[in-house]
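# Chains, contacts and geometry: an overview
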Amino acid sequence: MTTTPAEATPPAIFVLEDDPEIARLICMSLAEYGFRGEHLSTGRQFLTRARQAAPDLCIIDLGLPDMDGMQVVRELQDGSPCAVLILTGRNDVTDRVLGLELGADDYIVKPFEPRELVARVRSILRRYQRSAAPEASAERSLARFSGWTFDASRHALTAADGREIGLSAAEASLLGTLLRRPNKILSREQLLGERDVDPFDRSIDVRISRLRRKLDDDPQSPRLIKTVYGAGYLFAAQVSWE
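Residues numbered from 1 in each chain as written. Predicted model: local features only at pLDDT ≥ 70, side-chain atom pairs only at ≥ 80, totals over all residues. Heavy atoms only, no water.

## Here we look at the pairing of strand 1 (residues 12–16)
Heads up, the rule is: Classification of residues uses two cut-offs on accessible area relative to the type maximum, computed with a 1.4 Å probe and protein chains only: under 20% is buried, over 50% is exposed, and between them is partly exposed. Labels follow the DSSP assignment, with helices taken as runs of H or I lasting at least four residues and strands as runs of E lasting at least two, numbered in each case from the N terminus. A pair of strands is labelled paired if DSSP reports no fewer than 2 bridges between them.
Here strand 1 lies mainly inside the structure; 5 of its 5 residues are buried. Burial along strand 1 is two-sided: the face carrying A12, F14 and L16 and the face carrying I13 and V15 are both buried. Direction of pairing for strand 1 relative to strand 2 (residues 36–40): parallel, over a ladder of 5 bridges. In the strand pairing of strand 2, F14 is matched with E38. Taken together, the 4 bridges between strand 1 and strand 3 (residues 57–60) define a ladder with parallel strand orientation. Bridge pairing in strand 3 places V15 opposite I59.

Spelled out as structure tokens, the structure:
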């Protein structure tokens, strides 16, 4: 039988949640919209599974029986970087900022609306798909700018002195988006995947700050990633893709 695009393998999403009822609701909601959800209930079980099979996205609860969810996010991004959506009962701003600092793409507080969860998942995956598009051509996977080199196929950032700077999947996706549209103002909506952005949503600001530190870009007077107040951000450098 001929395989059609609709029969392509659906995105795989790992769900780290210790409450079986919540996990069942999440997996059912994902399945309803064409995603493959795989439930894991402990942090160690999750990290082992993530090393065995690379998921397209992970939904991670912070309150776990064996370890803190933030530590899971940290170890995941250090070992097997991928898209991360934090889903938790913690509604503390410090937790939200820390999660984003560790490389999470988005953060939802319980109780949640399943349709919003799926919308956030779709938004994150669209962002990564756009970021990865040029990788289909090996001739366009390497970006050079201001002495730096970014290999989009490996999410690898290398300084002029040869140091390789570690990037989370979220950081690599954001940098790739900026590099593909240099010297153009990109709004928060564009950088976040075109979803509606709350005026108080500071997730992009946190990620931009993190990227500036890794690019040795002075936040008080940035040379590379400039803030355009009221409009968004602009990558102010010449970029050549190879």
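## Observations regarding the pattern of salt bridges
The following threshold applies: By salt bridge we mean one thing: a side-chain nitrogen of Lys or Arg within 4 Å of a carboxyl oxygen of Asp or Glu.
This structure, assessed with the given rule, holds 18 salt bridges. A salt bridge links K110 to E17, with the nearest nitrogen and oxygen atoms 2.8 Å apart. Here K110, found in the loop between strand 5 (106–109) and helix 5 (114–132), pairs with E17, found in the loop between strand 1 and helix 1 (20–32); they are 93 residues apart in sequence, far enough to count as distant. Residue class for E17 comes out buried when judged on its relative accessible area of 2%. The partner of E171 in a salt bridge is K214, and the shortest N-O contact between them spans 2.8 Å.

## Quick word on the sheet that holds strand 8 (residues 156–158)
For the record, the criterion: By the convention used here, residues are in contact when the closest approach between their heavy atoms is within 4.5 Å. All axes here are fitted lines through C-alpha atoms, helices being fitted over the stretch that makes contact, and every angle between N-to-C directions spans 0 to 180 degrees.
Read from one edge to the other, the open sheet built from 5 strands follows the order 9-8-7-6-13, with strand pairing classed as antiparallel. Sheet topology places strand 9 (164–165) and strand 13 (240–241) at the edges, where each strand pairs with a single neighbour. In this fold helix 6 (residues 169–180) packs onto strand 6 (142–145), strand 7 (148–151), strand 8 and strand 13, with an angle of close to 115° to the strand it touches most, strand 7.

## What about the packing of helix 6 against helix 8 (residues 203–214)?
Cut-off, in case you're wondering: When describing relative orientation, an angle under 35 degrees is termed roughly parallel and one over 145 degrees roughly antiparallel, while 65 to 115 degrees is termed roughly perpendicular and anything else oblique.
Running from amino to carboxyl end, helix 6 crosses helix 8 at an angle of 85°, the nearest separation of the two axes being 10 Å. Considering the angle they form, helix 6 stands roughly perpendicular to helix 8. Contact residues: helix 6 offers A170, E171, L174, L175 and L178, while helix 8 offers I204, R207, I208, R210, L211 and K214.

## Some details on helix 3 (residues 69–79)
Given 3.6 residues to a turn, an α-helix orients residues that are three or four positions apart in the same direction. This is how it is decided: The arc in question is the one traced by the directions running from the helix axis out to the C-beta atoms. By the criterion applied in these results, polar contacts are pairs of N or O atoms within 3.5 Å in which, for protein atoms, one can donate a hydrogen and the other can accept it, and in which residues neighboring in sequence qualify only through two side-chain atoms.
Where helix 3 is concerned, the buried positions are G69, M70, V72, V73, L76 and Q77. Burial along helix 3 is one-sided: seen end-on, the buried residues are contained in an arc of 155°. Within helix 3, the exposed residues directed more than 90 degrees away from the buried face are D78 and G79. In this structure, the buried side of helix 3 is in contact with strand 1, helix 2 (43–52), strand 3, strand 4 (83–88), helix 4 (93–101) and helix 6. N-cap assignment for helix 3: the residue whose side-chain oxygen lies 2.9 Å from the backbone N of M70 is D68.

## What to know about the pairing of strand 7
In strand 7, alternate side chains face the same way, and those of W148 and F150 on one face and T149 and D151 on the other are all buried. In this structure, strand 6 lies alongside strand 7, joined through 4 bridges in antiparallel fashion. Bridge pairing links L142 to D151 in strand 7. What sits between the antiparallel neighbours strand 6 and strand 7 is a turn of 2 residues, in which S146 has the positive phi angle 45°.

## Description of the environment of E171
Position of E171 among the secondary structure elements: in helix 6. There is a polar contact of 2.3 Å between the side chain of E171 and the side chain of R210.

## A short note on helix 1
Test applied: Helices are assigned an expected span. That span is 1.5 Å times one less than the residue count.
The end-to-end C-alpha distance of helix 1, which contains 13 residues, comes to 18 Å, matching closely the 18 Å that a straight helix rising 1.5 Å per residue would cover. Regarding helix 1, the residues found buried are A23, I26, C27, S29 and L30. For helix 1, the angular spread of buried residues about the axis comes to 160°, placing them on one side. Pointing more than 90 degrees away from the buried face of helix 1 are the exposed residues P20 and E32. Where helix 1 ends, the next residue or the one after it, G34, has phi of about 90°, a positive value.

## Thoughts on the nonpolar core
Which entries qualify depends on this criterion: In plain words, nonpolar cores are sets of buried Ala, Val, Leu, Ile, Met, Phe, Trp, Tyr and Cys residues tied together by side-chain atoms within 4.5 Å.
Formed by 28 residues in total, the largest nonpolar core has its most connected members in F145, F150 and F235. Listing elements by their share of this core, those giving two or more residues are strand 6, strand 7, helix 6, helix 7 (188–192), helix 8 and strand 12 (232–235). With 5 residues, helix 6 is the largest single contributor of residues to this core. Among residues more than four places away in sequence, those in contact with F150 are S141, L142, A143, F145, H155, A156, L157, L167, A172, L175, G176 and L179. Counting residues in each nonpolar core, the second largest holds 22 residues, with F14, L40, C82 and I86 among its members.

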